[in-house]
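Remarks on the overall topology
The residues making up each chain are set out below.
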Amino acid sequence: MSGKRILMAKTGLDGHWRGPTIVARALRDAGFEVIMIGMARPEEVVQACVDEDVDLVGLNIGGHIDVAVRAVTALREERPELPVFCGGVVPPHAKRKLEALGVEVYPPGSQLPDIVGAARRLTGLG
Amino acid sequence: MNDKNSDGKAWVSTSGIPLKPFYRDEDIPPQHRERLAAAPGEPPFHRGAYPTGYRTKPWRIFQLSGFGKPEDENARIKFLLEQGETGFIMEHDRNTGDHCYNVDHPEVVARREDVGLTGAVMQSVRDIDICMKDLPIETSYAHAGGAVVQHAPFALAGYWTVAKRRGVALDRLPGTGQSDYFLTYLGCVTKQQVPTDTGLRFNADIMEFCDRHLPRWVPVSIAGYNAADTGLNAFQELGALFANAVEYLEEIQRRGTMPLARAARGCGGVSFRMSMDLFEEASKLRAARLMWQQLLAERYDIRDPKVANLRIHCVTAGSRMTYQQPMNNIVRGTIMALAGALGGVQSLGVSGYDEALSIPSEHAHQMSVRIQQILQEETNVSAVTDPLGGSWYVETLTAELVERAWSFFDEIQAQGGFLASLDSGWLHEKAAENQHREFMAQETGEQVIVGVTAHKDDSSPYEVDGFMGVDDAFDVALERLEDVRRTRHEAGAAAALRQLEQVCRGSDNIMPAMMDALDAEVTLGEIGDVWRDVFGDWATPIQT
């Protein structure tokens, strides 16, 4: 175990679970502790991050980018140092918007070693 | 025999069936030889549901479409019909529809920008009326929406109520419902949903109601598509689909309220996913028709050829459409559509080339129609039914899929049946295993996806940036909800809602009360509240 904890949440109400489940499995296999809270409103994401004292947040975006942006903004207010990465259906214009907020984006087609590598880097494991 | 690649990898179909370098007559298993000479339209129907195939009935061009406000969706449907679509599909907003929430529900308000992104917001019969404005409902085959089980009674009763108000007799109305278990309980698990046994009641109620009032309507449509795009392979998709059908038929049998053959006819309009393994996918459709005929004859002694010929809709795999180099997806859509055409479909939808980025833009939608028109009108693929019939390879693959699919069907029965396999999460585990295997195969290079895992250079000038619909869907939906509440006959709506709740607490068919509720302008969220009060929530077996 790496000792690092990652919170994973879905910002939308769309229940496709395939992507986040594959990512969670790969992260666990790489030694991370993954806490999945499923569909969560922005304030629920923030609360869970505080309660669980996590090192990284992974957001699955199945809807409009502005919902994810609100979740990220709320997180920044509460835990400005906490890194965030995300995946899901994120078209290029939305990807640019999230990247401007310092969020790393892994759109469909991203490979698991790259995602795991990002988790290691973002949690300071190198 | 060379069954392996030069680097030692096995040659197998996508579902894992070992493949020989070529096939001979003797490869076809003995128990499958007798059927080979059957003609299309004859039992066991593997060669096709009808004798003359596309010559007399071209497959229906049937595209999923919907976003924004009901009038936005209406405009897109009209656009598709103008382009040559030959049926239409209504898609309701998932946030509100799938959950049976109104837009002012806190869970929806928290995600207000999502509203309308994947379907039009329809909270009352007034919204459905706007979405159906000037659509040729008497002559055009329609999918009324309601893919998710708890939403289907609302979507169907809404569509039918609008039809009635327009003076269209329900017994003449063509179309289909969906209420799909694979979407609802396997592929797209919602935040809240009625339990699977309640869903079974709803679907059986819809089947009975259609039997009495809508003989031209397909009441429920099992969507193997959703099983496959969640991870089940080709033979698992087949086995699980028929395990689902058995659950419906046996509920009707227990009720004894309608002839089983008519129930079988009612659930014999299904959908499958077409993916990239061209011959396996085409063979899958042949296997499906064969299995349905076998199931009805052997398990229920139903042999009427009008019942035993499975009718098939196919959708090309959304998950095969790539985010990278999206123009490649036009080629993928064409190949998957061809697999469906060769397998003998009744209707077909091709996913947009921008599927991995967003809902379809108008152009992507137009291309999905054009792909089908090119296949139908330029390739001569419509001239001969079951063009793959008699190919030693395809006949052997068909046989192999049938045998493996029945084994998977038996495995589901051993779990206690289809509902039990969902309640326990067993089916989810099967899908997850395949998903994981697929990702591992991509990492090792065993599975190649052009533009994603190989041939990554993308200097294409064709930028696709994802279609985002409209930005006023939430605000307009909120205004319209308030307007319904303010202007409807409140006592009538309250009485209809009470009546619905009473029926739900008993065992009568819910659909007559649903029709009254929609007519009285009861809203989606109020109906959802009845579901939540009376039936509670499904104990989701997976953490999403």
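Rules behind the numbers
- Residues numbered from 1 in each chain as written.
- Chains lettered and ligands numbered in written order.
- Predicted model: local features only at pLDDT ≥ 70, side-chain atom pairs only at ≥ 80, totals over all residues.
- Heavy atoms only, no water.
- UniProt positions renumbered as here; feature names shortened; annotations may be inferred.
- Pairing = 2+ DSSP bridges.
- Helix = DSSP H or I, 4+ residues; strand = E, 2+ residues; numbered from the N terminus.
- Axes fitted to C-alpha atoms, helices over the stretch in contact; angles between N-to-C directions.
- Contact = heavy atoms within 4.5 Å.
- Parallel < 35°, antiparallel > 145°, perpendicular 65-115°, else oblique.
- Left-handed = near helix turned anticlockwise from the far one by under 90°.
- Nonpolar A, V, L, I, M, F, W, Y, C, P; charged D, E, K, R; others polar.
- Buried area = accessible area lost by both parts, 1.4 Å probe.
- Salt bridge = Lys/Arg side-chain N within 4 Å of Asp/Glu carboxyl O.
- Expected span 1.5 Å × (residues − 1).
- Buried < 20%, exposed > 50% of the residue type's maximum accessible area, 1.4 Å probe, protein only.
- Disulfide = S-S within 2.5 Å.

By the naming in an unreviewed UniProt entry, chain B is Methylmalonyl-CoA mutase, taken from Pseudohaliea rubra DSM 19751.

Looking at an unreviewed UniProt entry, chain A carries the name B12 binding protein domain protein of Methylmalonyl-CoA mutase, with the source organism given as Pseudohaliea rubra DSM 19751. Its UniProt record gives chain A a comment under Cofactor (unreviewed entry), which states: "adenosylcob(III)alamin".

All names here are of chain A. Across the sheet, five strands lie side by side as 2-1-3-4-5; this open sheet has parallel pairing. The open sheet has two free edges, formed respectively by strand 2 (33-39) and strand 5 (104-106), since each of these has just one partner strand. Taking each pair of neighbouring strands and ignoring which way they run, the sheet shows an average axis angle of 20°. In the sheet, strand 1 (residues 5-10) pairs with strand 3 (residues 56-61) via five bridges, with the strands oriented parallel. Along strand 3, the bridge assignment pairs A9 with L59. The strands touched by helix 2 (residues 42-52) within the sheet are strand 1, strand 2 and strand 3, with strand 1 carrying the most contacts at an inclination of about 165°. Taken strand by strand, helix 5 (residues 112-122) contacts strand 1, strand 3, strand 4 (84-88) and strand 5, and its axis lies near 165° from that of strand 5.

Before going further, it helps to spend a moment on the UniProt feature "domain: B12-binding" (unreviewed entry) in chain A. In the numbering used here, UniProt assigns the feature "domain: B12-binding" (unreviewed entry) to residues 3-126 of chain A. The distance separating the terminal C-alpha atoms of residues 3-126 of chain A is 14 Å; by composition the span is 46% helix and 22% strand.

With that settled, consider the packing of helix 10 (residues 234-255) of chain B against helix 16 (residues 392-414) of chain B. Packed helices, taken two at a time, are described by the angle between their axes plus the distance between the axes. All names here are of chain B. Interhelical geometry of helix 10 versus helix 16 gives an angle of 50° and a closest axis separation of 7 Å. By the angle class used here, helix 10 and helix 16 are oblique. You can see that helix 10 and helix 16 cross each other, and the crossing is right-handed. Here A234, F235, Q236, L238, G239, A240, F242, A243 and V246 of helix 10 come into contact with helix 16, specifically with L401, R404, A405, F408, F409, I412 and Q413. Looking at the contact of helix 10 with helix 16 residue by residue, the classes come out as twelve nonpolar, three polar and one charged.

Moving on: the interface of chain A and chain B. On the side of chain B, 46 residues touch chain A, which itself brings 38 residues to the contact. When chain A packs against chain B, close to 3700 Å² is buried across both sides, 57% of that on carbon and sulfur atoms. Broken down residue by residue, the surface that chain A buries against chain B is led by L13, W17 and R18 of chain A, which jointly contribute 24%. If you look at where chain A meets chain B, you find four salt bridges. R41 of chain A is the salt-bridge partner of E107 of chain B, the closest N and O atoms lying 2.7 Å from each other. At the level of secondary structure, the elements contributing two or more residues to the side of chain A that touches chain B comprise helix 1 (18-29), strand 2, helix 3 (65-78), helix 4 (92-100) and helix 5 of chain A. Considered class by class, the residues forming the side of chain A that touches chain B number 17 nonpolar, eleven polar and ten charged.

Every α-helix winds through 3.6 residues per turn, so residues three or four apart in the chain are directed the same way. Residue and element names in this part refer to chain A. Given a rise of 1.5 Å per residue, 14 residues ought to cover 20 Å, and the 20 Å separating the end C-alpha atoms of helix 3 matches this to within 8%. Among the residues of helix 3, I65, V67, A68, V69, A71, V72 and L75 are the ones counted as buried. Against helix 2, strand 3, strand 4 and helix 4 lie the buried residues of helix 3.

Per the counting criterion, the structure on display carries zero disulfides over all chains. Here C210 of chain B stays free of any disulfide, with the sulfur of C267 of chain B as its closest cysteine sulfur at 12 Å.

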